[in-house]
Amino acid sequence: QVQLVESGGGLVQAGGSLRLSCAASGLTFSSYNMGWFRQTPGKERELLLAISRSGGSTYAGYSVKGRFTISRDNAKNMVYLQMNSLKPEDTAVYYCAAGNTAAVSMGRQWAPDYWGQGTQVTVSS
């Protein structure tokens, strides 16, 4: 079965950096668009960044543009989220997702097929 396993979350001070990783298995990784979402209590899950199958195109949401980047390694079945200049409002559970539909062009309308279990990121002020 498809598994997406996030790692790298934790506690970081405001202004710091963190890199999340997502290991994918049970799917032909290079055939899937990938994305990173986050969710805070009482709010909807928000798409932050997405990347195309080849890695040649990306989408970045307004709230993280210029601070966060997404990348993937199709040889390792991995997708990464590099987070810089972290703010307390970035505190959330971060989820990795995979989908067949065009994440980059759909942006916030993208509905993935598979989700990871999430990893907590806490940014202290």
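Refer to the preceding data block for the structure.
Predicted model only: the values in this text are computed from it and were never measured.

Conventions and cut-offs
Every residue gets a number counted from 1 within its own chain, in the order that chain's sequence is written. With the structure being a predicted model, the display of local features is reserved for residues of pLDDT at least 70 and the display and counting of side-chain atom pairs for 80 or more, all residues being used for whole-chain, interface and lining totals. By convention in this description, side-chain values take in all heavy atoms of the structure and omit both hydrogens and water. Secondary structure elements follow DSSP: runs of H or I no shorter than four residues count as helices, runs of E no shorter than two count as strands, and numbering proceeds from the N terminus. Buried, partly exposed and exposed residues are distinguished by accessible area as a fraction of the type maximum, computed with a 1.4 Å probe on protein chains only: under 20%, between the cut-offs, and over 50%, respectively. By definition, residues are in contact when any of their heavy atoms lie within 4.5 Å. For the accessible areas, the method is Shrake-Rupley and the probe is 1.4 Å, while residue cover comes only from the protein chains on display. In this tally Asp and Glu are treated as negative and Lys and Arg as positive; neither His nor the chain ends contributes. One atom stands in for each charge, and that atom is NZ of Lys, CZ of Arg, CG of Asp or CD of Glu. By this definition, two strands are paired if DSSP reports at least two bridges between them. Fitted lines through C-alpha atoms serve as axes, helices being fitted only where they are in contact, and the angles separating the N-to-C directions of these axes extend from 0 to 180 degrees. By nonpolar core we mean a set of buried residues, namely Ala, Val, Leu, Ile, Met, Phe, Trp, Tyr and Cys, connected to one another through side-chain atoms within 4.5 Å. Identification of polar contacts relies on pairs of N or O atoms within 3.5 Å, with a donor-acceptor requirement for protein atoms, meaning one able to donate a hydrogen and the other able to accept it, and with residues adjacent in sequence counted only if both atoms are side-chain atoms.

### A word on the overall build of the protein
- Along its length, the protein carries one helix and eleven strands.
- The secondary structure elements of the protein, listed N-terminal to C-terminal, are β-β-β-β-β-β-β-β-β-α-β-β.
- Along the three orthogonal principal directions, the C-alpha set of the protein runs to about 40 × 25 × 25 Å.
- Relative to its full complement of 125 residues, the protein shows a buried share of 43%.
- Put simply, 58% of the contacts in the protein that link residues at least 6 apart link residues at least 24 apart.
- Of the accessible surface of the protein, which amounts to about 6300 Å², a share of 46% is contributed by carbon and sulfur atoms.
- Separation of charge centres in the protein, based on 11 positive and 7 negative side chains, amounts to 4 Å.

### Description of the sheet that holds strand S1 (residues 3-7)
- Spatially, the four strands line up as an open sheet ordered S1-S3-S8-S7, and their pairing is antiparallel. Two strands close off the open sheet at either side, each with one partner strand: S1 and strand S7 (68-73). Within the sheet, the average angular offset between the axes of one strand and its neighbour, ignoring direction, is 15 degrees.
- Taken together, the five bridges between S1 and strand S3 (residues 18-25) define a ladder with antiparallel strand orientation. When the sheet's bridge partners are listed, Ser7 is paired in S3 with Ser21.

### As for the nonpolar core
- In this structure, Met34, Trp36, Phe68, Val79, Leu81, Met83 and Tyr94 are the most contacted members of the largest nonpolar core, which totals 27 residues.
- Broken down by secondary-structure element, the contributors of at least two residues to this core are S3, strand S4 (33-39), strand S5 (46-51), S7, strand S8 (78-83), strand S9 (92-99) and strand S11 (119-124).
- Apart from the residues within four sequence positions on either side, Phe68 is in contact with Arg38, Leu48, Leu49, Leu81, Gln82, Met83, Asn84, Leu86, Asp90 and Tyr94.
- In terms of nonpolar packing, the next biggest core, distinct from the first, is built from eight residues, Leu47, Tyr95, Ala103 and Trp110 among them.

### Here we look at the environment of Ala111
- Take Ala111: it is sitting in the loop between helix H1 (103-106) and strand S10 (114-115).
- On the accessibility criterion, Ala111 (51% relative accessible area) is exposed.
- Residues Ala111 and Gly99, spaced twelve residues apart in sequence, show a C-alpha to C-alpha distance of 7.3 Å.

### Some thoughts on unusual backbone geometry
- For Asn77, which is not a glycine, the phi torsion comes out positive at approximately 55 degrees.
- For Asn77, the position within the fold is in the loop between S7 and S8.
- Look at Asn77 and you get partly exposed, because its relative accessible area is 24%.
- Residues other than glycine seldom take positive phi values, yet Ser85 does so here, at roughly 50 degrees.
- You can see Ser85 is positioned in the loop between S8 and S9.

### Examining the side chain of Arg67
- In this fold, Arg67 is placed in the loop between strand S6 (58-60) and S7.
- For Arg67, a relative accessible area of 12% gives the class buried.
- Only 3.0 Å separates the side chain of Arg67 from the backbone oxygen of Ser85, close enough to count as a polar contact.
- When sequence neighbours within four positions are dropped, the list of residues in contact with Arg67 reads Gln82, Met83, Asn84, Ser85, Leu86, Lys87 and Asp90.

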